[in-house]
Amino acid sequence: DTVVELQSKNLPGEITAISAQSAQPSQYDLVVLAMQEPQYAAPPVKTLLEKIGAAGVPCLSIMNIPPIPYLARIRSIAGYNISRSYSSASAWAVLDPALITLASLDPQAFRPPNEPENVLQVGLPTNFKVAPFEKAEHNQILNRLQNDIETVRYDLNGQSVELPVKLKVHDSIYVPLAKWCMLIAGNYRCVQDKKMRSIKDAVHSDIKFTSEIYRWVGKVCTSMGASPEDLVPFEKYASAAHELQHPSSAARALLAGAKNIERVDKLVQQIGAARGLRNDELDNIVARIDSWLAKNREIETA
């Protein structure tokens, strides 16, 4: 396989690394929410969210779990109590739903072992599928990003190449929910009672069973208002999963002793139950992750 190595310090543009306390959101056109959800519970980050809310800056989330204000845009689940799926539900109250959109983070990125913390490897190059904002002027920012990324080329052994990771702007607010099917059928099923397995093994060890849970999550999404065209066919996902030969980031975090991870599994369980839908495998996934988190927290307090 061809590997393209990109060093951000050699790319055009400017990168400024500053603390959450020093950041001034009003100086930017767009905020990207790119951390794991539990990190937003940290006091300095909660304060930064308050500053973002006060500045009225549009936010693009690439979190696996949607920020609560984004889910407020989906009328079919308005009023659902989903706070138990979040490490700090109150942190999100400061953001205006009209200023939040979400991307389906389909590219599988991970930190390779024995590499510095600033090295990130993309194992499954594909697209960030972005839902629209409510306001046209904010969608213009997304469209400009999409077009700029489309035109970028890199030099690889004397050849000009484009990277297969792009930003694709869609008209439906449900498109990013397609990632839920993948997370439940693959990522969270990497977590076993006493060990972890790769996403490939989670998907392909029993392909029929995986197909059933994948399609059930899709049913939850369509019950919320998504159309089948908003979702990714199982066959396409199963084919891509052959390349996912590492455990998911959630599984690796639990194995490393994490006390909190993003709980899309619990969110889908809660929404499904509220809509009269439940699934034994999803219940098992939630219970298994709850058990890992409980053990990790016990170790910390021991």
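Everything discussed here concerns the structure shown above.
Residues numbered from 1 in each chain as written. Predicted model: local features only at pLDDT ≥ 70, side-chain atom pairs only at ≥ 80, totals over all residues. Heavy atoms only, no water.

S.K.: Kindly report on the side chain of His138, identifying the contributing residues and their values.
M.R.: Its place among the elements puts His138 in helix α3 (residues 136-151). With near-sequence residues (within four places) excluded, His138 lies in contact with Pro58, Leu99 and Phe133. (Helix = DSSP H or I, 4+ residues; strand = E, 2+ residues; numbered from the N terminus. Contact = heavy atoms within 4.5 Å.)

S.K.: I'd love a proper account of the nonpolar core, names of residues and values included.
M.R.: By size, the foremost hydrophobic cluster in this structure holds 72 residues, and its most contacted members are Trp180 and Tyr188. For Trp180, the residues in contact, after removing those within four places along its chain, are Asn64, Pro66, Leu71, Val217, Cys221, Met224, Val264, Leu267, Val268 and Ile271. The next biggest cluster of nonpolar side chains, apart from the first, holds 9 residues, and it includes Ile62, Phe133, Leu142 and Leu167. (Core = buried A, V, L, I, M, F, W, Y, C linked by side-chain atoms within 4.5 Å. Buried < 20%, exposed > 50% of the residue type's maximum accessible area, 1.4 Å probe, protein only.)

S.K.: Lay out the packing of helix α4 (residues 178-187) against helix α9 (residues 264-274) in plain terms, naming residues and giving numbers.
M.R.: Packed helix pairs are characterised by how far apart their axes lie and by the angle those axes make with each other. Between α4 and α9, the least distance of the axes is 10 Å, while the angle of their chain directions is 115 degrees. By the angle between their directions, the pair α4 and α9 is classed as roughly perpendicular. Note that α4 runs across α9; the crossing there is left-handed. Taking contact as the criterion, the partners of Trp180, Leu183 and Ile184 in α4 are, on α9, Val264, Asp265, Leu267, Val268 and Ile271. Tallied by class, the residues present in the contact of α4 with α9 amount to 7 nonpolar, no polar and 1 charged. (Axes fitted to C-alpha atoms, helices over the stretch in contact; angles between N-to-C directions. Parallel < 35°, antiparallel > 145°, perpendicular 65-115°, else oblique. Left-handed = near helix turned anticlockwise from the far one by under 90°. Nonpolar A, V, L, I, M, F, W, Y, C, P; charged D, E, K, R; others polar.)

S.K.: I'd like a rundown of the sheet that holds strand β2 (residues 59-61), residues and numbers included.
M.R.: Read across the open sheet, the 5 strands follow the order β1-β2-β3-β6-β9; overall the sheet is mixed. Looking at the sheet topology across the chains shown, the edges are occupied by β1 (31-33) and β9 (167-169). Put simply, the sheet's adjacent strands are angled 25 degrees from each other on average, direction ignored. By the bridge criterion, 3 bridges tie β2 to strand β3 (residues 100-105) in an arrangement that is parallel. Residue pairing across strands places Ser61 opposite Leu102, the latter belonging to β3. Each of β2, β3, β6 (128-130) and β9 is contacted by α3, which is oriented at about 140 degrees to β9, the strand it contacts most. (Pairing = 2+ DSSP bridges.)

S.K.: Describe α9, and please don't skip the residues or the numbers.
M.R.: Among the 11 residues in α9, 8 count as buried, and that is most of the element. Within α9 the residues assigned to the buried category are Val264, Asp265, Lys266, Leu267, Val268, Gln270, Ile271 and Gly272. Phi turns positive, to about 75 degrees, at Gly276, one or two residues after α9.

S.K.: Give a description of the pairing of β3 that names residues and reports values.
M.R.: Remember that side chains alternate between the two faces of the sheet whenever the strand is regular. Judged by how many residues are buried, β3 sits mostly within the fold: 5 of 6 residues are covered. Note: β3 against β6, 3 bridges, orientation antiparallel. Bridge assignment links Ser104 to a residue of β6, and that residue is Lys129.

S.K.: Break down unusual backbone geometry for me, citing the residues and quoting the values.
M.R.: Leaving glycine out, the prevailing phi sign among residues is negative, and the prevailing peptide bond configuration is trans. One non-glycine residue, Asn157, lies in positive phi territory at about 55 degrees. Take Asn157: it is sitting in the loop between β7 (154-156) and β8 (159-161).

S.K.: Which residues make up the environment of Arg288, and what are the values?
M.R.: Structurally, Arg288 is set in helix α10 (residues 280-301). Each C-alpha atom of the pair Arg288 and Ile149 lies 40 Å from the other, and the pair is 139 residues apart in sequence. Among residues more than four places away in sequence, those in contact with Arg288 are Val191, Gln192 and Asp193.

By themselves, these observations are geometric and do not establish any function.
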